[in-house]
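Spelled out from the first residue to the last, the chains are:
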Amino acid sequence: MLEIPKNWYNLLSQEINKEYYKNLMKFVENEYSTKTIYPKRENVFKALELCDLDNLKVVIIGQDPYHGENQANGLCFSVNEGVALPPSLKNIFIELKNDVGRELTASGNLSHWAEQGCLLLNAVCSVEAKKAASHQNKGWEIFTDNIIKSISEKKQNIVFLLWGNFAKNKRQLIDFSKHCILDAAHPSPLSASSGFFGCKHFSRTNDFLQRNKINPIKW
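These remarks concern the structure in this document. Owing to the predicted nature of the structure, the values given are computational and were not obtained by experimental measurement. (Residues numbered from 1 in each chain as written. Predicted model: local features only at pLDDT ≥ 70, side-chain atom pairs only at ≥ 80, totals over all residues. Heavy atoms only, no water.)

Our next topic: the overall build of the protein. In terms of helices and strands, the protein carries eight helices and six strands. Taking 219 residues into account, the globule formula puts the C-alpha radius of gyration at 17 Å, and the protein, at 17 Å, falls close to it. By principal-axis analysis of the C-alpha atoms, the protein measures approximately 45 × 35 × 25 Å. Among the 219 residues that make up the protein, the fraction classed as buried is 55%. Contacts in the protein between residues far apart in sequence, at least 24 positions, make up 64% of those at least 6 positions apart. Total accessible area on the protein stands at roughly 10400 Å², and carbon and sulfur atoms take up 46% of it. Here the protein holds 27 positive side-chain charges and 23 negative ones, and the gap between their average locations is 3 Å. (Helix = DSSP H or I, 4+ residues; strand = E, 2+ residues; numbered from the N terminus. Rg over C-alpha atoms; globule rule 2.2 N^0.38 Å. Buried < 20%, exposed > 50% of the residue type's maximum accessible area, 1.4 Å probe, protein only. Contact = heavy atoms within 4.5 Å. Areas by Shrake-Rupley, 256 points an atom, 1.4 Å probe, with all protein chains shown as cover. Lys, Arg positive; Asp, Glu negative; His and termini not counted. Charge placed at Lys NZ, Arg CZ, Asp CG, Glu CD.)

Turning our eyes to something else, we now look at the sheet that holds strand 3 (residues 118-122). With parallel pairing, four strands are arranged side by side in an open sheet as 3-2-5-6. Unpaired on one side and paired on the other, strand 3 and strand 6 (180-184) mark the two borders of the sheet. Within the sheet, the average angular offset between the axes of one strand and its neighbour, ignoring direction, is 20°. Across five bridges, strand 2 (residues 58-62) lies against strand 3 in parallel orientation. Of the residues in strand 3, the one forming a bridge with G62 is N122. Helix-sheet contacts for helix 6 (residues 140-154) involve strand 2, strand 3 and strand 5 (159-163), and the interaxial angle to strand 3 is about 150°. (Pairing = 2+ DSSP bridges. Axes fitted to C-alpha atoms, helices over the stretch in contact; angles between N-to-C directions.)

Take the packing of aromatic side chains next. Scanning the model with the defined rule gives twelve aromatic pairs in all. Look at F45 and F143: their rings are 5.8 Å apart centre to centre, the planes differ by 45°, and that puts the pair in the tilted class. Of this pair, F45 sits in the loop between strand 1 (37-38) and helix 3 (46-50) while F143 sits in helix 6, and the two are 98 residues apart along the sequence. Both residues of the pair, F45 and F143, count as buried. A network of ring pairs unites the aromatic residues F77, W113, W163, F196, F197, F202 and W219 as a single cluster. Over the face of the ring belonging to F93 we find R102, whose NZ or CZ atom lies 5.2 Å from the ring centre. (Phe/Tyr/Trp six-rings, centres within 6.5 Å; stacked < 30°, edge-to-face > 60°. Lys NZ or Arg CZ within 6 Å of the ring centre and 35° of its normal.)

This paragraph deals with the nonpolar core. One finds W8, W113, L119, W140 and I151 to be the most contacted residues of the largest nonpolar core, which totals 75 residues. For W113, the residues in contact, after removing those within four places along its chain, are I60, I92, L96, C118, L120, F202 and W219. (Core = buried A, V, L, I, M, F, W, Y, C linked by side-chain atoms within 4.5 Å.)

Moving on, we come to unusual backbone geometry. Here Y38 and P39 are connected by a cis peptide whose omega angle stands at -5°. Here P39 shows up in the loop between strand 1 and helix 3. Here F77, not a glycine, exhibits a phi torsion of approximately 70°, which is positive. One non-glycine residue, K213, adopts positive backbone phi at about 60°. In this fold, K213 is placed in the segment after helix 8 (201-211). With a relative accessible area of 79%, K213 lands in the exposed category.

A few words on the side chain of N91. You can see N91 is positioned in helix 4 (residues 87-100). Residue class for N91 comes out buried when judged on its relative accessible area of 9%. Polar side-chain contacts of N91 include one of 2.8 Å to the backbone oxygen of P187. Setting aside residues up to four positions removed in sequence, N91 forms contacts with P187, S188, P189, A192, F196 and F197. (Polar contact = N/O pair within 3.5 Å; in protein donor to acceptor, adjacent residues only side chain to side chain.)

So this is what it looks like as structure tokens:
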């Protein structure tokens, strides 16, 4: 069975004994044993592994991993070093440059965000190669919804960035009286010009963090 990283175990340990989670793990283990699945098995919980719960500042919610060869690295919107930037990530970087002046880069690996306290959480944490959304409705959504709810309940002053309708639907899991919720259109080329470009979520996130005496993110 995949192991929940130690720094998140106390928050999520109650999930392990639930029937849905046991069934999910059986499904995932069988998929990795018999098919090509992304991300690599050891990176399924990379978003939790790299982001220290005690230092959590920001939650960004994606839908499911990239299903192309060598793209997914366990962090939503992020890709492995040396992989061409997917269209949505290109648009994220364009907004980042326009918002805070960060120069565009060829590297789409967002590990440096995670290490500073950004949880880059896909609602579904695995996918079969070349089959988008193939692991939806297997139990991942229950698990990741419970992560979001637990963060909302146990933490405070977290910035939740909800991009696109799928992520916006997670709003109901978050206590807006304790946290900052910023939503916008999805950064996909199909919707970026309809409300993602110009959202200024990166500067607005840091403004909120600094107002609450929390170190900002070096995007």
